[in-house]
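# Coordinates in review
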Amino acid sequence: MSTAAHTSVDLGLTGRIVLVTGGVRGVGAGIADVLEGLGATPVVCARRPVEGSDREFHSCDVRDSDAVAAMIDAIVATHGRIDGVVNNAGGSPFAMAADASDRFTQKILELNLLAPIIVSRAAHAVMAGQEGGGAIVNVSSVSGHRPSPGTSAYGAAKAGLDNITESLAVEWAPAVRLNSVICGPVETELSHMHYGDADGVAAVGKTIPMGRLAQPTDVGNAVAFLLSPLASYISGSTLTVHGGGEKPAFLSAGNTDNQV
C-alpha cells in the first residue's frame, strides 16, 4: 500500500505558513513534502541546508533562544504570519546511561525537550496575536512511553515533551492548539544507526503488526491532519503512529500454538 501523501485531499492547508524544524532530512523532510503537497508553504530549518532543495531555509540552532527569535521574526517579515510549527528536530545516538557523560545527557535533553519549548514560545508570541491563531505539533516517540534502553535521556525528554504539550494546550487556548504525534520506528537514511543493514531494518519491521517501519510521509499525514482545520477542536492530545505498536515478547517466547 502506498504511503504517499494524498495530495488530492483538501485539508484546508492551502497558503498556510508552517515551520518544520529539522525539516531537511528524514522525518522532517517527509513532513515538509506532505505539507507542500497539500498546498501549505513549509519553511524548514536546521543547522545546515541540504543541496538541491528550493524550500525556504533558515540556519538555526533551535536550542538558542536568540537564534530562534530571529528566525521567527524573519519568517513573519517575509510572510506576515506563521500558521503552524512542527517541532521535529531531535534524536539521540545510542549510549548506555552508565557510560554517558553529564554533558551528553544535557545536550540530548536540550535538543529534544528544551528546544521545542523555545520554538513554541517564540511562535506563540506571534500566533496569539494574529487572526486565526495557530497550531503546534510536537513530534514525539514511543520511547517516552516504554523503556528506552540505550536512549534513556531521549525517552525521558519525549515523555516531558508530551506532558508539556498537554500543559501548554491549556495555557495557550483557545488561540493556539498543541498536539503530539508519538512515532514508532521510522525508516530514514539514518535507520542503519539503530537497526543495522537492510536485513536488520526488515527484521525490525517484522516485529510491528503492520509489517513494516513507518515512512516519513506516514508521520507527515498525521501532522498535516493535526495542523488542519479538521482538527480545530483537538488540542492537548497525542496521536500514536506506530503501526499497531510492539508485539509483547512473551507471545513469541513460549512454545505453544498461541504465537502472534
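Cut-offs and rules
Residues numbered from 1 in each chain as written. Predicted model: local features only at pLDDT ≥ 70, side-chain atom pairs only at ≥ 80, totals over all residues. Heavy atoms only, no water. Pairing = 2+ DSSP bridges. Helix = DSSP H or I, 4+ residues; strand = E, 2+ residues; numbered from the N terminus. Axes fitted to C-alpha atoms, helices over the stretch in contact; angles between N-to-C directions. Salt bridge = Lys/Arg side-chain N within 4 Å of Asp/Glu carboxyl O. Buried < 20%, exposed > 50% of the residue type's maximum accessible area, 1.4 Å probe, protein only. Expected span 1.5 Å × (residues − 1). Arc of directions from axis to C-beta. Contact = heavy atoms within 4.5 Å. Polar contact = N/O pair within 3.5 Å; in protein donor to acceptor, adjacent residues only side chain to side chain.

### Examining the sheet that holds strand S5 (residues 134–141)
With parallel pairing, seven strands are arranged side by side in an open sheet as S3-S2-S1-S4-S5-S6-S7. Strands with a single pairing partner mark the edges of an open sheet, and in this sheet they are strand S3 (57–59) and strand S7 (237–241). On average, adjacent strands in this sheet sit at an angle of 20° to one another, irrespective of strand direction. Sheet topology places strand S1 (residues 17–21) next to strand S4 (residues 84–87); three bridges connect them, and they run parallel. Across the sheet, residue Leu19 finds its bridge partner in S4, namely Val85.

### Overview of the pattern of salt bridges
Where side chains of opposite charge bring their charged atoms close, a pairing between them can arise. Counting across every chain of the model gives eight salt bridges. Among the ionic pairs, Glu246 bridges to Arg146, the shortest N-O distance being 3.2 Å. Placement of the pair is Glu246 in the loop between S7 and helix H8 (249–253) and Arg146 in the loop between S5 and helix H4 (152–171), with a sequence separation of 100 residues. One salt bridge connects Asp218 with Arg212, and the closest N-O pair in it is separated by 3.0 Å. A relative accessible area of 34% places Arg212 in the partly exposed class. The network of salt bridges with shared partners includes Asp33, Glu36 and Arg55.

### A short note on helix H2 (residues 65–79)
Its 15 residues place the ends of H2 21 Å apart at the C-alpha level, agreeing with the 21 Å of an ideal helix rising 1.5 Å per residue. For H2, every residue scored as buried is listed here: Val68, Met71, Ile72 and Ile75. Down the axis of H2, the buried side of the element spans an arc of 95°, and every buried residue falls inside it. Along H2, exposed side chains directed more than 90 degrees from the buried face belong to Asp66, Asp73 and Ala77. Residues of H2 that are buried make contact with S1, strand S2 (41–46), S3 and helix H3 (102–127). The distance from a side-chain oxygen at the start of H2 to the backbone nitrogen of Asp66 is 3.0 Å, and the residue carrying that oxygen is Asp64. Just past H2, the residue Gly80 takes up positive phi, approximately 85°.

### Quick look at the side chain of Ser143
Assignment of secondary structure puts Ser143 in the loop between S5 and H4. Apart from residues no more than four positions distant in its own chain, Ser143 is found in contact with Ser148, Tyr154 and Gly155.

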